[in-house]
Amino acid sequence: MNPKANYIKQRLSLRDPLKESLDILVRITDAVSMKKNVSPEEELSVIKSLYPSCTNFERDFPSVCFSIATGVGKTRLMGACIAYLYMQKGIRNFFVLAPNLTIYDKLIKDFGDPNNPKYVFKGISEFVHNTPLIITGDNYNQAGGLFSNDEIRINIFNIAKFNSENRATRSGGQSLPPRIKRLSEYLGKSYWDYLSGLDDLVILMDEAHRYHADASKNAINELKPVFGVELTATPIDEKGNSFSNVVYEYSLAKALDDGKYVKNPAIATRKNFSALGLSPEEIERIKLEDAVSVHRDTKNELEIYALNNNVKKVKPFILVVCKDINHAKETFDYVSSDAFYDGAYKGKVLQIDSSTKREEEIERLFVDLEQYENEIELVIHVNMLKEGWDVNNLYTIVPLRAANAAVLIEQTIGRGLRLPYNGERTGVEKVDKLTVIAHDNFEKVIAAAQDPNSVLNKLSYIEIQEEEIKQDTEVITSVSKISAAIIEEEKKISKITDEKERQIATNSLDAKRLIVHTLPDFGSVEGVRKAEDLRKPEIKEKVISRIEETLFSGHRDLFADDVVREAEILYESVVTSFISNTIEIPRMDLVQGDVKVWFDDFDLDTSSGFDFQVLSEEIMVVELTGERKTNTIGVEYGAFSKNTPVNQILSELINYPEIDYDENAELLYKLSKQALRYLHSKLPEKDKLSLLIRQYRKYIAAKIYQQMKAHFHVGKPDYIEPRVLPFVRIEDWNFTGLKDGRRHFKDVVNPKSLIPKLVFSGFEKACHFEYKFQSGTEKDFAYILENDGSVIKWLRPAPNQFRIYWANNSKQYYPDFVVETSDCIYIVETKEAGEMNSEEVLDKKRAALEYCKHASNYTSKHGGKPWKYLLVPHDQVSITNSFEFYTQI
């Protein structure tokens with residue numbers, strides 16, 4: 001493993017396919033000369049011996065292609081390649097080609113702006129004090145200091161600009177050399193001569209399939225680089241021929257199989273949809289209506305995810321694909337009219353085709369759609385999908401009147417597969433899903449998906465319930481009761497007309513808000529072991545001091561001193577309210593350690609499968625001329641003489657992924673020696689044992705491995721001892737609900753299937769005023785908690801309230817309820833009776849019991865209540881039962 005490459009992988013947080021690509025670059029650049037004027041044929045022979053798929057550079061210099069699916073991070077890989085070649089090989093001159101103006105502008109920012117969030121060298125210390133000099137197609141003829149021996153020079157050119165600058169022109173009837181080949185007063189030579197004369201120029205080609213046309217290819221060859229790196233998701237040239245220099249491929253199909261770096265695409269249709277009797281216009285309106293339904297649902301889920309995880313908000317949009325410009329104009333007029341959702345999308349529709357904007361301007365508008373402030377929610381286009389349109393917030397696609405819907409969908413989904421959060425899936429289904437609406441073509445798409453080589457084969461299929469289409473939902477934030485009280489007080493203050501009285505009330509409210517905001521942070525302060533400790537005078541002093549820091553830092557508020565005085569007066573009452581509206585949930589990160597794997601000790605069974613016989617070995621020599629006589633020569637053995645029979649078998653065994661030599665050396669030696677003893681006992685010529693092992697070492701190792709697998713175990717990982725703090729804030733709940741879908745928790749709801757779509761209120765003991773329930777069982781259990789005299793407080797924990805992990809830390813456990821009584825606090829899970837002993841339920845139970853153990857250990861030392869876990873089957877939940885009933889079963 002190359003230390004420099006490993007350093008770059010870690011600092012740039014490269015994803016697995018990019019790590020593999022960088023390793024390949026390391027191996028290739030170690031093998032070739034990386035010099036000018038070398039034989040491309042000789043370099044090709046070297047690379048082909050390492051990667052047989054590379055059969056032709058198709059250029060006059062060594063150049064290899066990495067075929068990587070859209071959204072996985074080709075730009076970051078370019079940055080990694082540049083960093084490695086500079087740090088390891090001393091390369092200082094790079095030439096980056098962009099396929100269009102949008103990507104050109106993007107690459108200039110990605111390579112040249114350290115403040116850009118997508119800066120590709122972030123974390124590479126060598127580039128902090130030696131920031132690369134970015135030379136572009138716009139400023140190259142003004143570049144003066146290009147001959148420093150220390151700087152890293154990255155030339156970035158748009159291919160159109162590059163080709164035009166390399167084209168001869170005429171002026172006054174005379175032919176002028178291409179602009180890039182004219183004498184530069186800054187350089188004393190043409191920039192072209194400067195570049196082509198460099199002895200360490202490496203060229204990187206983004207969207208490399210755009211540079212295989214003869215004009216581009218010839219111009220690139222004339223640069224005489226020492227090496228080329230090509231990147232594309234589609235390694236096919238303009239004539240439809242596959243690239244011959246691909247050394248690594250991570251296809252879209254592979255990315256979809258891995259399920260890590262791209263959205264999960266799904267084909268949707270309305271349930272029981274039939275196109276019979278419907279005109280094309282009617283079908284289109286149904287598809288557009290359903291697309292908006294999916295879009296609104298996705299928009300809500302994205303907002304909830306952002307709120308729950310304190311990350312940037314993402315606004316999704318719909319892409320509508322039309323057959324021609326007239327069709328696009330008709331569709332634009334319709335979705336912009338009052339007839340479409342009462343005009344809700346007026347001013348929120350963008351028509352993109354050659355009739356509306358020049359291509360480069362269209363691409364800029366499209367890329368700008370990633371900005372949350374952008375008003376556009378529907379984009380209508382005609383065959384305008386080109387590189388640079390890979391935005392991360394496209395979530396719904398509607399192909400209209402497609403002659404070949406399957407082909408169009410396969411070509412289109414690549415534009416919407418980028419993920420908005422660090423380019424990786426979140427684990428939240430709707431945040432990770434791209435939906436294609438295909439009512440009238442649903443069966444055709446399914447038929448096309450039968451081809452195992454089609455991307456459509458990787459798609460999932462969903463049916464939209466017609467009754468859900470007309471349901472209008474909204475995002476609801478249910479804040480904790482103490483926060484809700486502050487919001488209500490703020491509303492009352494806004495109605496005070498006397499300015500002086502309103503300011504006094506505002507100061508008081510600001511003081512309360514600051515105290516409430518600050519108190520949860522003191523769960524980790526020395527001297528605070530439980531919420532009651534917040535009443536200590538020394539803790540009050542520290543809280544007030546923190547509030548002063550907040551108020552007096554930066555621009556000082558005119559009423560800051562008044563707010564501090566109010567905080568000192570109100571502190572005790574606010575603490576009392578905080579404690580009475582809080583369940584003291586100990587804070588801990590409960591994570592699992594490494595998985596334990598092992599082999600049980602056993603003796604090798606040699607009764608079958610170990611009957612190997614020595615093969616005779618001779619070298620056959622055939623003359624190529626004359627009578628083509630054949631002679632044989634005996635083999636003189638020597639190559640394996642230093643490897644003992646035991647070591648030969650061991651060297652094969654440790655190639656199996658489950659076998660760790662350090663952990664299993666004793667067993668491996670034992671089994672290898674048992675195999676050797678048996679083989680030796682059956683061998684007529686005892687001195688031929690070494691030859692027998694050399695001939696059959698792989699097969700002998702395979703026989704041993706097969707028996708080892710029967711004694712292989714994977715244990716459940718233990719939980720790591722966590723650091724425990726006394727309490728955390730009660731987190732806000734964010735969820736979707738039907739507009740006008742609020743109900744009192746005592747209301748009877750029929751059918752029960754409607755319960756998950758409603759928001760319930762009226763709670764007095766709960767830590768929030770509003771909750772959603774996923775089932776009638778959960779709603780009934782909340783009824784029990786509200787009406788049971790032994791229950792003091794209860795909570796439906798928000799998704800980020802606990803940090804309990806299970807399934808090797810790949811999943812997070814979200815309890816249904818937390819219930820506090822006079823002598824105990826419970827984590828409660830309600831579950832379908834038939835699933836009580838399922839592996840998933842038992843794993844979650846183990847995680848919850850582990851949390852309760854550590855919480856109880858902490859609270860027992862500091863005068864708090866013990867924690868217990870209850871798993872309640874759904875058929876035991878009845879509103880006539882008491883909570884105590886469930887603590888006894």
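Computed from a predicted structure; not experimentally measured.

Q: Hey, could you run me through the packing of helix H20 (residues 645–653) against helix H21 (residues 661–682) in this one?
A: Axes are the key here: two packed helices are described by the angle between their axes and the distance separating the axes. The contact between H20 and H21 brings their axes to 10 Å, and the two run at 125°. Here H21 runs oblique to H20, going by the angle between their axes. Helix-helix and strand crossings are classified by hand; for H20 and H21 the assignment is right-handed. Residues Pro-645, Val-646, Asn-647, Ile-649, Leu-650 and Leu-653 of H20 pack against Leu-668, Tyr-669, Ser-672, Lys-673 and Leu-676 of H21. Grouping the constituent residues of the contact of H20 with H21 by class yields eight nonpolar, two polar and one charged.

Q: Could you clarify how one ought to interpret the packing of H21 against helix H22 (residues 689–709) in this entry?
A: Between H21 and H22, whose axes approach to 10 Å, the crossing angle comes to 125°. With respect to each other, H21 and H22 are oriented oblique. The chirality of how H21 crosses H22 is right-handed. Contacts from Leu-667, Leu-668, Leu-671, Ser-672, Ala-675, Leu-676, Leu-679 and His-680 in H21 reach Leu-689, Leu-692, Ile-693, Ile-700, Ile-704 and Met-708 in H22. For the contact of H21 with H22, the class distribution of residues is 12 nonpolar, two polar and no charged.

Q: Sorry, what's going on with helix H2 (residues 16–31) here?
A: Residues separated by three or four positions in an α-helix point in the same direction, a consequence of the helix having 3.6 residues per turn. Compared with the 22 Å implied by 1.5 Å per residue over 16 residues, the 23 Å span of H2 between its first and last C-alpha is a close match. By the burial criterion, the buried members of H2 are Pro-17, Leu-18, Ser-21, Leu-22, Ile-24, Leu-25, Val-26, Ile-28 and Thr-29. Check the buried side of H2 and you find it contacts helix H1 (3–11), helix H3 (40–50), strand S1 (63–68), helix H4 (74–89), strand S8 (227–232) and strand S9 (246–250).

Q: Explanation requested: the packing of aromatic side chains in the structure shown.
A: Two aromatic rings, taken as a pair, are described by how far apart their centres are and by the angle between their planes. Scanning all chains against the criterion turns up 34 aromatic pairs. Between Phe-763 and Trp-794, the aromatic rings sit 5.4 Å apart at their centres with planes inclined by 90°, giving edge-to-face as the arrangement. Note that Phe-763 is positioned in the loop between strand S24 (759–761) and helix H23 (776–787) and Trp-794 in strand S25 (residues 791–795), a separation of 31 residues in sequence. Judged by its relative accessible area of 3%, Phe-763 is buried. With relative accessibility at 0%, the residue Trp-794 sits in the buried group. Here Lys-263 stacks its cationic end above the ring of Tyr-395, 4.4 Å away from the centre of that ring.

Q: Help me out: how do you make sense of the pairing of strand S11 (residues 317–321) in this one?
A: The side chains of a regular strand alternate, first on one face of the sheet and then on the other. The element S11 is extensively covered by neighbouring structure, given that five of its five residues are classed as buried. A two-sided burial pattern is seen for S11, the buried positions comprising Phe-317, Leu-319 and Val-321 on one face and Ile-318 and Val-320 on the other. One ladder, built from five bridges, connects S11 with strand S14 (residues 394–399); its direction is parallel. Bridging across to S14, Phe-317 finds its partner in Leu-394.

Q: Sorry if this is basic, but what is going on with the sheet that holds strand S28 (residues 817–821) here?
A: Each strand in a sheet pairs with another by means of backbone hydrogen bonds, the pair being arranged parallel or else antiparallel. With mixed pairing, the four strands of this open sheet are ordered in space as S25-S28-S29-S30. In this open sheet, the two strands that pair with only one neighbour each are S25 and strand S30 (867–873). For this sheet, the mean inter-axis angle between neighbouring strands, taken without regard to orientation, is 25°. One ladder, built from seven bridges, connects strand S29 (residues 825–831) with S30; its direction is parallel. Each bridged residue has a counterpart across the sheet, and for Tyr-826 the counterpart in S30 is Lys-868. Strands S25, S28, S29 and S30 of the sheet are contacted by H23, whose axis makes an angle of about 15° with S28.

Each value, and the rule that gives it
- Residues numbered from 1 in each chain as written.
- Predicted model: local features only at pLDDT ≥ 70, side-chain atom pairs only at ≥ 80, totals over all residues.
- Heavy atoms only, no water.
- Axes fitted to C-alpha atoms, helices over the stretch in contact; angles between N-to-C directions.
- Helix = DSSP H or I, 4+ residues; strand = E, 2+ residues; numbered from the N terminus.
- Parallel < 35°, antiparallel > 145°, perpendicular 65-115°, else oblique.
- Left-handed = near helix turned anticlockwise from the far one by under 90°.
- Contact = heavy atoms within 4.5 Å.
- Nonpolar A, V, L, I, M, F, W, Y, C, P; charged D, E, K, R; others polar.
- Expected span 1.5 Å × (residues − 1).
- Buried < 20%, exposed > 50% of the residue type's maximum accessible area, 1.4 Å probe, protein only.
- Phe/Tyr/Trp six-rings, centres within 6.5 Å; stacked < 30°, edge-to-face > 60°.
- Lys NZ or Arg CZ within 6 Å of the ring centre and 35° of its normal.
- Pairing = 2+ DSSP bridges.

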